[in-house]
Amino acid sequence: MTDQIPAEYALVLAAILFALGLAGVLVRRNILFILISLEIMLNAAGLALIAAGARWGEPDGQIMFLLVLATAGAEVSVGLALVLQLYKQFRTLDIDAASRMKG
Amino acid sequence: MLDTLWIVPALPLAGFVFLALAGGRIPRTVIAFIATATVGISALLAIAIGVTFLGLLPQEASYRQVLWQWVSVAGFEPAIGFHLDALSLVMMFVVTFVAFWIHLYSTEFMIEDEAYGRFFAYMNLFVASMLILVLADNLLLLYLGWEGVGACSYLLIGFWYHDSANGRAAQKAFIVTRVGDTAMAIALFLLFVNFGTLDIQAILQQASESIQSGSLIAVAVTALLLGGAVGKSAQLPLQTWLPDAMAGPTPVSALIHAATMVTAGVYLIARTHTLYSLAPQVMAAVAGVGALTLFIAGTAALVQRDIKRVLAYSTISQIGYMFLALGVGAWGAAMFHFMTHAFFKALLFLAAGAVINALHHEHDIFKMGGVRHKLPLVFWTFLIGSASLAGFPLVTAGFYSKDLILWQAWSSGQGQAWLWAIGVATAFLTAIYIFRVVFIVFFGKERTHVEKLPRRPMTVPLVVLAFFSIVSGFVEIPPALGGRHLFSSFMSSALPSAAVEESHTTELIFSLIASLLALAGIYLAHLFFRTRREHAEPDAGKRLTRFLFGGWGFDWLYDRIFVRPFVWIARVNRNDYIDSIYGGIAALSRGLNTVFSSTETGRVRLYAAGIACGSIILVAIALLL
């Protein structure tokens, strides 16, 4: 197992993916793209978990990633339901339109 | 008979409670009947009790009735109890008797006032408070009456509260007397600390046994009590409230000045005379205060234009005579003058009220004139009252009582020549200033048309009080003029009589001097204010006139010393600097609220950015530390 990809590479990739996802969340106004960006962030975290698990030769990382996947599934179902409601209310997918709860 | 004593103060109190609750809903005749009847029955009871009490003398010099325990805390056990002796009997009689006639007079005088029930409720409470004051057997109950009288005077002086000047006069009376009341409260604390009780007789008993003459405690307590008495009785330096108290209805002035309130100070000193005998310095101060006050008020009365203000200054002056008598140890003489003064001063006020009422509420004596022909009865009764006040020799009560005071101011142990000289000089002034009013108001040509003639409820009290203004003097006649000592022998059962050197010729000469001065004063008044009336009006441009008109500038002085600095401090501290600490805390949290609530934009992406920044900062901190 000496020709393994070094763990650092995987972690850097994960960090880049996470940053891309975060940038997407902050920059995009379309709520669908925000959800997609959130998925990217989740997967970035998952990648980091798996890379760490492989580095130490432990199964914990993969188990954690299974949990993350389940959570992501639940999150997406709730998220899409909210998107539908939002669209019904505001006739748009622009997240900034739903800012009525400002202080 | 004596056990009905409690009913005397209870009846006016019941009248007050009833009128306060139902006064607005019952017809005026019923209000008048209840108010007058309660005081009237009290007066009858007081007379009956007095007769019974006289029958018991000299075996029993005092009677005590304890109704119930008021408080009981750690040995402090004041009772609701009444003490009757010669002193409180005279006070009780005069208060109820004079108050009854004033009530009767008011039923007519106030008939057009919309707040008829309120007026009589206050009046009844006033009488009840004064009766509690004079009958109380302990100082706490006395203080209750004392404050009750003060509160009622506030309510009645400001009775016509729609005019804010009346409200200010009421506040002035209340605040100025409050200064004295504070001194008196401290005196009560001192007495309780030293004697462990507030029971008057017990204190006097213990004091005469255990306190050295001139010791610190005696001086402190009597000086503080004098402070209270000076405030209530409108003596120097707290006399300024009384002329302004004329803002109230005229019957109120009569009640405050004749029977109640202002004599409370005289009563307090007479009641605690044992303590004062132990503090000769304070006795001298009492006499000095009296002498100065009577002179200052007497001169101020000379130039007043308002008929009621003349009478107000005359009251201050006459109470000054009583203080002078108290100060030289002539306790009986002070009470004698209190009694005669109550009759003739009530008479003068009521007669003045009748004139004022007849002339559309005109107070300025220089707009009156010639009233004699239209109101003959008022004229004659006012003349009798004035003669009594001026000390017209032999036939008036005021002559006998003032003469007794002047004689004892000279001859008693503490008496001094200058006290007598001031007293006699002011007696001369008294004759001038009161007959000035008589000649200007009742003689000369008519200036204001007489509108209303007083009816029977107003004239009967005048006649009765005029009768007593003459007759009440005959109970005490100096030995040089026949000698009769009904009053002083009666008083001696409660108050020690002054040690007087017996010299009938000297006394006769002194009486003669006083009489001649009184007659000379009347003649001078006639000369200046009847025959040369056109020059009689005081010239407001003259400095001396202005000085006297303002009551020797005490109001001016107090305005500079107390009122203005206080107002200035209040204005400077308008924003209340202490309070700004708490205001600052509130403003700070309100500001933070504004800052933080501006971050609540409702935009999810901003929140996400915030979370991201926060996480980065936390991680950075964790890495760096």
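Within every chain, residues take consecutive numbers counted from 1 along the sequence as written. Here chains are named by letter from A upward and ligands by number from 1 upward, in the order in which they appear as written. Under the rules for a predicted model, residues below a pLDDT of 70 receive no local features and side-chain atom pairs below 80 are neither given nor counted, while totals for whole chains, interfaces and linings still include all residues. Derived side-chain values reflect all non-hydrogen atoms in the structure, with water molecules and hydrogen atoms excluded from consideration.

*Asks:* Explain the overall build of chain B here, please?
*Replies:* When helices and strands are counted, chain B shows 26 helices and 4 strands. For chain B, the spread of C-alpha atoms along the principal axes amounts to about 115 × 65 × 50 Å. Each residue gets one of three labels from its accessible area relative to the maximum for its type: buried under 20%, exposed over 50%, partly exposed in between, using a 1.4 Å probe on protein chains only. Classification of the 625 residues of chain B by burial places 56% in the buried group. By definition, residues are in contact when any of their heavy atoms lie within 4.5 Å. The contacts of chain B with a sequence gap of at least 6 include a subset with a gap of at least 24, amounting to 81%. What counts as a helix is a DSSP run of H or I of at least four residues, what counts as a strand is a run of E of at least two, and both are numbered from the N terminus.

*Asks:* Any chance you could explain the packing of helix 13 (residues 280-301) of chain B against helix 14 (residues 307-327) of chain B here in plain terms?
*Replies:* In a packed pair of helices, the relevant descriptors are the angle between the two axes and the axis-to-axis distance. Residues and elements named next belong to chain B. Between N-to-C directions, angles cover 0 to 180 degrees, with each direction set by a line fitted to C-alpha atoms, over the stretch in contact for helices. For the pair helix 13 and helix 14, the least separation of the axes is 7 Å and the interaxial angle reads 160 degrees. Judged by the inter-axis angle, helix 13 sits roughly antiparallel to helix 14. Helix 13 and helix 14 meet at a crossing whose hand is left-handed. Of the residues in helix 14, those in contact with Met283, Val286, Ala287, Gly290, Ala291, Thr293, Leu294, Ala297, Gly298, Ala300 and Ala301 of helix 13 are Val310, Tyr313, Ser314, Ile316, Ser317, Gly320, Tyr321, Phe323, Leu324, Leu326 and Gly327. Here the residues of the contact of helix 13 with helix 14 sort into 15 nonpolar, 7 polar and no charged. Any angle that is under 35 degrees is reported as roughly parallel, and any over 145 degrees as roughly antiparallel; angles of 65 to 115 degrees are reported as roughly perpendicular and all others as oblique. Handedness of a crossing is defined here by the sense of rotation of the near helix relative to the far one, left-handed for an anticlockwise turn of less than a right angle and right-handed for a clockwise turn. By the convention adopted, Pro, Cys, Tyr, Trp, Phe, Met, Ile, Leu, Val and Ala count as nonpolar, Lys, Arg, Asp and Glu as charged, and the other residues, Gly among them, as polar.

*Asks:* How should I be thinking about the pattern of salt bridges in this particular structure?
*Replies:* As a working rule, side chains carrying opposite charge can pair if their charged atoms are close by. Salt bridge criterion: a side-chain nitrogen from Lys or Arg within 4 Å of a carboxyl oxygen from Asp or Glu. Evaluated as defined, the whole model comprises 15 salt bridges over all chains. Here arginine 560 of chain B and aspartate 559 of chain B are joined by a salt bridge, their closest N and O atoms 3.8 Å apart. Using a relative accessible area of 35% as the deciding quantity, one classes arginine 560 of chain B as partly exposed. Taking relative accessible area as the criterion, aspartate 559 of chain B reaches 24% and is therefore assigned partly exposed. Residues joined by salt bridges that share partners form a network here, namely Arg29, Asp94 and Asp96 of chain A together with Arg603 and Arg605 of chain B.

*Asks:* So what exactly am I meant to see when it comes to unusual backbone geometry here?
*Replies:* Trans peptide bonds make up most of the peptide bonds, and negative phi angles are found at most residues other than glycine. Each neighbour pair has its own omega, and for leucine 236 of chain B with proline 237 of chain B the value is 0 degrees, a cis peptide bond. Its place among the elements puts proline 237 of chain B in the loop between helix 8 (216-232) and helix 9 (241-244). A positive phi angle, close to 55 degrees, is found at arginine 91 of chain A, a residue other than glycine. The topology assignment puts arginine 91 of chain A in the segment after helix 3 (60-90). On the basis of relative accessibility, which here comes to 60%, the residue arginine 91 of chain A falls in the exposed class. With a phi close to 55 degrees, alanine 234 of chain B is a non-glycine residue in the positive phi region. Structurally, alanine 234 of chain B is set in the loop between helix 8 and helix 9. Accessibility expressed as a relative area gives 0% for alanine 234 of chain B, which makes it buried.

*Asks:* Help me understand the packing of aromatic side chains in this model?
*Replies:* For any pair of aromatic rings, geometry is given as the distance between the ring centres together with the angle between the planes. Whether two aromatic rings pair depends on their centres lying within 6.5 Å, for rings of Phe, Tyr and Trp, where Trp uses its six-membered ring; planes under 30 degrees apart make the pair stacked, over 60 edge-to-face, and the rest tilted. Tallied over the full model, the rule gives 23 aromatic pairs over all chains. With centroids separated by 6.1 Å and ring planes inclined at 80 degrees, the aromatic side chains of phenylalanine 97 of chain B and tryptophan 101 of chain B adopt a geometry described as edge-to-face. With phenylalanine 97 of chain B and tryptophan 101 of chain B both in helix 3 (residues 86-109), this residue pair falls 4 residues apart, about one helical turn. The exposure class assigned to tryptophan 101 of chain B is buried, which follows from its relative accessible area of 14%. By the ring-pair criterion, three or more aromatic residues cluster together here, those being Phe93, Phe97, Phe100, Trp101, Phe343, Phe467 and Phe468 of chain B. We call a charge positioned above a ring when the Lys NZ or Arg CZ atom is no farther than 6 Å from the ring centre and deviates by at most 35 degrees from the ring normal. The cationic tip of arginine 28 of chain A hangs over the ring face of phenylalanine 33 of chain A; the distance from NZ or CZ to the ring centre is 4.2 Å. One residue, arginine 178 of chain B, lies across the ring of phenylalanine 174 of chain B, its end atom 4.5 Å from the ring centre.

*Asks:* I'm lost on the pairing of strand 2 (residues 79-85) of chain B in this one. Help?
*Replies:* Sheet faces and side chains relate simply in a regular strand, where the side chains alternate between the two faces. Residues and elements named next belong to chain B. Where burial is concerned, most of strand 2 is hidden: 7 out of the 7 residues are buried. The two faces of strand 2 match: Ala79, Gly81, His83 and Asp85 on one face and Ile80, Phe82 and Leu84 on the other face are all buried. Note on pairing: two strands pair once DSSP finds at least 2 bridges between them. Where strand 1 (residues 62-69) lies against strand 2, 7 bridges are found, and the strand directions are antiparallel. When the bridges of strand 2 are listed, arginine 64 appears paired with histidine 83.

*Asks:* Hey, could you run me through the interface of chain B and chain A in this one?
*Replies:* Interface size is commonly expressed as the accessible surface area that is lost when the partners come together. With 10 residues of chain B at the contact, the number on the chain A side is 14 residues. Summed over both partners, buried area is the accessible surface (1.4 Å probe) that two parts give up on being assembled. When the buried surface of chain B facing chain A is broken down by residue, Gly602, Arg603 and Arg605 of chain B rank first, second and third, together holding 53% of it. Taken together, the links from chain B to chain A amount to 2 salt bridges. The partner of aspartate 96 of chain A in a salt bridge is arginine 605 of chain B, and the shortest N-O contact between them spans 2.8 Å. When residues in the side of chain B that touches chain A are grouped by element, the largest group, 5 residues, is from helix 26 (residues 604-624) of chain B. Classifying every residue of the side of chain B that touches chain A by side-chain character gives 4 nonpolar, 3 polar and 3 charged.

*Asks:* Can you help me understand a nonpolar patch on the surface in this one?
*Replies:* Here, patches come from residues exposed beyond 30% relative accessible area and free of salt bridges, joined within 9 Å for like charges and within 5 Å for nonpolar side chains (Val, Leu, Ile, Met, Phe, Trp, Tyr). Values of accessible area rely on a 1.4 Å probe in the Shrake-Rupley scheme; residue burial ignores everything except the protein chains shown. Nonpolar side chains collect at one region of the surface, where Trp556, Leu557, Ile561, Phe562, Val563, Phe566 and Val567 of chain B lie side by side and expose about 720 Å² of accessible area between them. Residue class for tryptophan 556 of chain B comes out exposed when judged on its relative accessible area of 54%.

*Asks:* Would you explain the nonpolar core in this entry?
*Replies:* Note on soluble globular proteins: their nonpolar side chains tend to be buried together. Note on terminology: a nonpolar core comprises buried Ala, Val, Leu, Ile, Met, Phe, Trp, Tyr and Cys residues joined through side-chain atoms within 4.5 Å. In this structure, Leu84, Met92, Leu142, Trp241 and Met335 of chain B are the most contacted members of the largest nonpolar core, which totals 206 residues. In terms of residues, this core owes the most to one element, helix 15 (residues 331-358) of chain B, which gives 21 residues. Not counting the four nearest positions on each side in its chain, leucine 84 of chain B is found in contact with Leu2, Leu5, Ile49, Phe53, Ala61, Ser62, Tyr63, Leu89, Met92 and Leu135 of chain B. If you look at the next biggest cluster of nonpolar residues, it comprises 8 residues, including Val25, Val83, Leu86 and Ile95 of chain A.

*Asks:* Help me understand the side chain of serine 88 of chain B, please; the structure alone is not making it clear to me.
*Replies:* Residue and element names in this part refer to chain B. Its place among the elements puts serine 88 in helix 3. What makes serine 88 buried here is its relative accessible area of 0%. A polar atom in the side chain of serine 88 sits 3.0 Å from the backbone oxygen of histidine 83. For serine 88, the residues in contact, after removing those within four places along its chain, are His83, Val134, Leu135, Tyr267 and Arg271. N or O atoms within 3.5 Å of each other form a polar contact, as long as, within protein, one can give a hydrogen and the other can take it, and as long as residues adjacent in sequence are counted only when both atoms are side-chain atoms.

*Asks:* Where do I start with the environment of asparagine 138 of chain B in this structure?
*Replies:* Residue and element names in this part refer to chain B. One can find asparagine 138 in the loop between helix 4 (116-135) and helix 5 (139-157). In this structure the C-alpha to C-alpha distance between asparagine 138 and alanine 207, which are 69 residues apart in sequence, comes to 15 Å. Beyond its immediate chain neighbours, meaning those up to four positions away, asparagine 138 contacts Pro78, Ala79, Leu198, Asp199 and Ile200. Side-chain polar atoms of asparagine 138 contact the backbone nitrogen of leucine 141, separated by 2.8 Å.

*Asks:* Is there a simple way to explain helix 8 of chain B in this structure?
*Replies:* Helical geometry note: an α-helix holds 3.6 residues per turn, so side chains three or four residues apart project in the same direction. Residue and element names in this part refer to chain B. Given a helix with a known number of residues, its expected span is that number minus one, times 1.5 Å. Compared with the 24 Å implied by 1.5 Å per residue over 17 residues, the 24 Å span of helix 8 between its first and last C-alpha is a close match. Of the positions making up helix 8, those classed as buried are Ala218, Val221, Thr222, Leu225, Leu226, Gly228, Ala229, Val230, Gly231 and Lys232. A positive phi of about 55 degrees marks alanine 234, the residue just after helix 8.

*Asks:* Looking at this structure, how should I read helix 3 of chain A?
*Replies:* All names here are of chain A. Between its first and last C-alpha atoms helix 3 spans 43 Å; for 31 residues at 1.5 Å apiece the expected length is 45 Å, and the two agree. Residues of helix 3 that are buried include every one of Gly61, Phe65, Val68, Ala72, Gly79, Val83 and Leu86, and no others. Where helix 3 is buried, its residues contact helix 2 (31-56).

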